[in-house]
Amino acid sequence: MNANYRFSSDVAEIDRDQVHRWISEQSYWAPERSRSRQDAAIDGSRNFGVYDTVSNRQVAYARVITDGVTFAWLCDVFVDPAVRGHGIGKALIAGILEECDPLGLRRIALSTNDAHGLYSNLGFSTLIAPETWMERIVNPGV
């Protein structure tokens, strides 16, 4: 990441209004997510952002749900369309991995429709045994 941007894991820096707009209005995975649900998701997760060093404007967001010992779920990864293609997503995920690696987690999982290249370049792969994974979808889209 160039000097125009910085990574942070400080939840106090998260622009909750902006994150909610991104997730509820521009994401394919949670359109129309309510603000109260987004705030609850932020409060129950480890949160990460990338910020413009001049304006301090948040330009990317992601969160990790984890027990802090064995497993983590990386989700709600979003890079502002205005700064895509500048390495912001790569820097965001690299920063998150740097924060999570000392925990000694056995597995960090995620789901993506369109960023396989980004994640594979950072050590992620398709599921080794997808037939062993299951999911229960109760409230799709929220």
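Computed from a prediction, not measured in an experiment: that's the story for all the values here.

J.: Provide a residue-level description of the overall build of the protein, including the pertinent values.
T.: Each helix and strand in the protein was counted, giving four helices and five strands. In the protein, the succession of helices and strands from N to C terminus is β-α-α-β-β-β-α-β-α. Over its C-alpha trace the protein gives a radius of gyration of 15 Å, about what one expects of a compact globule, namely 14 Å for 142 residues. With respect to the three principal axes, the spread of C-alpha positions in the protein is 45 × 30 × 25 Å. Within the protein, the proportion of its 142 residues that are buried is 39%. Long-range contacts, defined here as pairs at least 24 residues apart, represent 59% of the contacts in the protein between residues at least 6 apart. For the protein, the computed accessible surface area is about 8400 Å², with 49% contributed by carbon and sulfur atoms.

J.: Summarise the nonpolar core; cite the residues concerned and give the values.
T.: Formed by 22 residues in total, the largest nonpolar core has its most connected members in Leu74, Ile88, Leu92, Ile93 and Ile96. Residue assignment for this core shows that the elements contributing at least two residues are strand 2 (46-52), strand 3 (58-66), strand 4 (71-79) and helix 3 (88-100). Ranked by the residues each element gives to this core, the list is headed by helix 3, at six residues. Sequence-distant contacts of Leu74, that is, excluding residues within four places in its chain, are made with Ala62, Arg63, Val64, Ile93, Ile96, Ile108, Ala109, Leu110, Tyr119 and Phe124. Core analysis: the next-biggest nonpolar cluster, separate from the first, contains nine residues, Trp22, Ala30, Ile42 and Tyr51 among them.

J.: Go over the packing of helix 1 (residues 16-26) against helix 2 (residues 35-43) with me, naming the residues and quoting the values.
T.: One way to put it is that helix 1 packs onto helix 2 with a least axis distance of 10 Å and a crossing angle of 115°. One element, helix 1, and the other, helix 2, form an angle in the roughly perpendicular class. Here helix 1 and helix 2 pass one another in a crossing that is right-handed. Every residue of helix 2 that contacts helix 1 at Arg16, Asp17, Val19, His20 and Ile23 is listed here: Arg35, Gln38, Asp39, Ile42 and Asp43. A per-class count over the contact of helix 1 with helix 2 returns three nonpolar, two polar and five charged.

Here is what the cut-offs are and how they apply
Going along each chain's sequence as written, the residues are numbered from 1 onward. Residues qualify for local features only when their pLDDT is at least 70, as the model is predicted, and side-chain atom pairs are given and counted only at 80 or more; totals for whole chains, interfaces and linings, by contrast, use all residues. The side-chain numbers reported here are obtained from all heavy atoms of the structure, hydrogens and water having been left aside. To qualify as a helix, a DSSP run of H or I must reach at least 4 residues; to qualify as a strand, a run of E must reach at least 2; elements of each kind are numbered from the N terminus. Radius of gyration: over C-alpha atoms. The globule rule applied is 2.2 Å multiplied by the number of residues raised to the 0.38 power. Throughout this description, buried means an accessible area under 20% of the type-specific maximum (1.4 Å probe, protein chains only), exposed means over 50%, and partly exposed covers the range between. Throughout, a contact is declared for two residues whenever any of their heavy atoms are within 4.5 Å. Areas reported here follow the Shrake-Rupley algorithm with a probe of radius 1.4 Å; residue values treat only the protein chains shown as occluding. Side-chain atoms within 4.5 Å link the members of a nonpolar core, which is a set of buried Ala, Val, Leu, Ile, Met, Phe, Trp, Tyr and Cys residues. Here an angle of 0 to 180 degrees is reported between the N-to-C directions of two axes, which are lines fitted to C-alpha atoms, with helices fitted over the stretch in contact. Should an angle lie under 35 degrees it is considered roughly parallel, over 145 roughly antiparallel, and from 65 to 115 roughly perpendicular; all remaining angles are considered oblique. Each crossing gets its hand from how the near helix is turned against the far one by less than a right angle, where anticlockwise is left-handed and clockwise is right-handed. Polar here means any residue other than Ala, Val, Leu, Ile, Met, Phe, Trp, Tyr, Cys and Pro, which are nonpolar, and Asp, Glu, Lys and Arg, which are charged; Gly is therefore polar.

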